[in-house]
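Residue-level listing of the chains:
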Amino acid sequence: MRDTLKHKGMRNKLANLLEAKGIQDQNVLGAIRQVPRHLFLDSSFEAHAYQDKAFPIGADQTISQPYTVAFQTELLKVSPNDKILEIGTGSGYQTSVLLTLKARVYTIERQLELFKTTKRFFDRMGFRPKKQIFGDGYKGMPEEAPFKGIIVTAGAPEVPKALLSQLAIGGRLVIPVGIEDQIMTLFVRKSEKEFEKTTYGNFRFVPLLEDKN
Ligand code: SAH
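Bear in mind the structure is a predicted one, so any value in this text is a computation, not a measurement. (Residues numbered from 1 in each chain as written. Predicted model: local features only at pLDDT ≥ 70, side-chain atom pairs only at ≥ 80, totals over all residues. Heavy atoms only, no water.)

1. A word on the packing of helix α1 (residues 5-20) against helix α2 (residues 26-34)
Running from N to C, α1 and α2 cross one another at 150°; their axes reach a closest spacing of 8 Å. Considering the angle they form, α1 stands roughly antiparallel to α2. By crossing handedness, the relation of α1 to α2 is classed as right-handed. Contacts between α1 and α2 involve Arg11, Asn12, Leu14, Ala15, Asn16, Leu18 and Glu19 from the former and Gln26, Leu29, Ile32, Arg33 and Gln34 from the latter. Looking at the contact of α1 with α2 residue by residue, the class counts come to five nonpolar, four polar and three charged. (Axes fitted to C-alpha atoms, helices over the stretch in contact; angles between N-to-C directions. Helix = DSSP H or I, 4+ residues; strand = E, 2+ residues; numbered from the N terminus. Parallel < 35°, antiparallel > 145°, perpendicular 65-115°, else oblique. Left-handed = near helix turned anticlockwise from the far one by under 90°. Contact = heavy atoms within 4.5 Å. Nonpolar A, V, L, I, M, F, W, Y, C, P; charged D, E, K, R; others polar.)

Spelled out as structure tokens, the structure:
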């Protein structure tokens, strides 16, 4: 598959739609205009890649809906060079949106098949997260903490304590919390012990699974 002017036009429309749905951060909308979402999907979805919908990516997982990606990214408030941890690499689309915003990205995936295909895809495309690991996101990445931002892209039955503890002071954790559907939740670390919690609307994610080992 290639990236063409036609795809660019579809991305523009998608970004305009997301703006109409309430996304305000122009840098986030700019990243949606830039990242070729159709290349992150199986070619059979090419015609649909710029609809505001989730699609299967294998291993029973999905690429998040563009609105959800934009909403979470806006809440993260990414500045260039920020150190960001992503839980749930999946297709790598969200990772690439963060890279486009010039974040230093660390990302974890627990499905081996997805970890491998996305790693190969990144190598081929020249996308460079600082670190991409196969592991359990519940544990975060303690050896790289603290992070300016942590984004969880699967539905968490509860907020993993490890993730809160790996936030820098002033850092932001964006996490959908719930089982059937999830409430988008933002934690801002005010001090060593204090976190400010704000909740947003309802979303629906695949579950954040605990490691069986
Ligand atoms: N950010 C992805 C969204 C993929 S869906 C994208 O843009 O495509 C959520 C992903 O979280 C899935 O790939 C799933 O395998 C992964 N996941 C679920 N539980 C996890 C865990 N405990 N640790 C790391 N990844 C997990």
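2. Topic: the packing of aromatic side chains
Considering all chains together, one arrives at 14 aromatic pairs under this definition. Ring centres 6.0 Å apart and planes at 75° place the aromatic pair Phe71 and Tyr200 in the edge-to-face group. With a gap of 129 residues between them, Phe71 in helix α3 (residues 66-76) and Tyr200 in strand β9 (residues 195-203) connect regions that are remote in the sequence. An angle of 50° between the planes, with centres 5.1 Å apart, marks the rings of Phe71 and Phe203 as tilted. Placement of Phe71 in helix α3 and of Phe203 in strand β9 is noted, with a sequence separation of 132 residues between them. (Phe/Tyr/Trp six-rings, centres within 6.5 Å; stacked < 30°, edge-to-face > 60°.)

3. Describing the site of the ligand
Neighbouring residues of the ligand: 27 residues in total, closest Gly88, Ser91, Glu109, Gly137 and Leu209. Asp136 is positioned such that a nitrogen or oxygen atom in its side chain is 3.0 Å from a nitrogen atom of the ligand. Thr153 has a polar side-chain atom sitting 3.2 Å from a nitrogen atom of the ligand. When the ligand sits alone it has 580 Å² of accessible area, and the protein chains cover 99% of it. Elements represented by at least two residues in the shell around the ligand include exactly β2 (61-63), β3 (83-87), α4 (93-100) and β4 (104-109). In terms of residue count, the dominant contributor to the shell around the ligand is β2 (three residues). The class makeup of the residues in the shell around the ligand is 11 nonpolar, 12 polar and four charged. (Near = heavy atom within 4 Å. Polar contact = N/O pair within 3.5 Å; in protein donor to acceptor, adjacent residues only side chain to side chain. Areas by Shrake-Rupley, 256 points an atom, 1.4 Å probe, with all protein chains shown as cover.)

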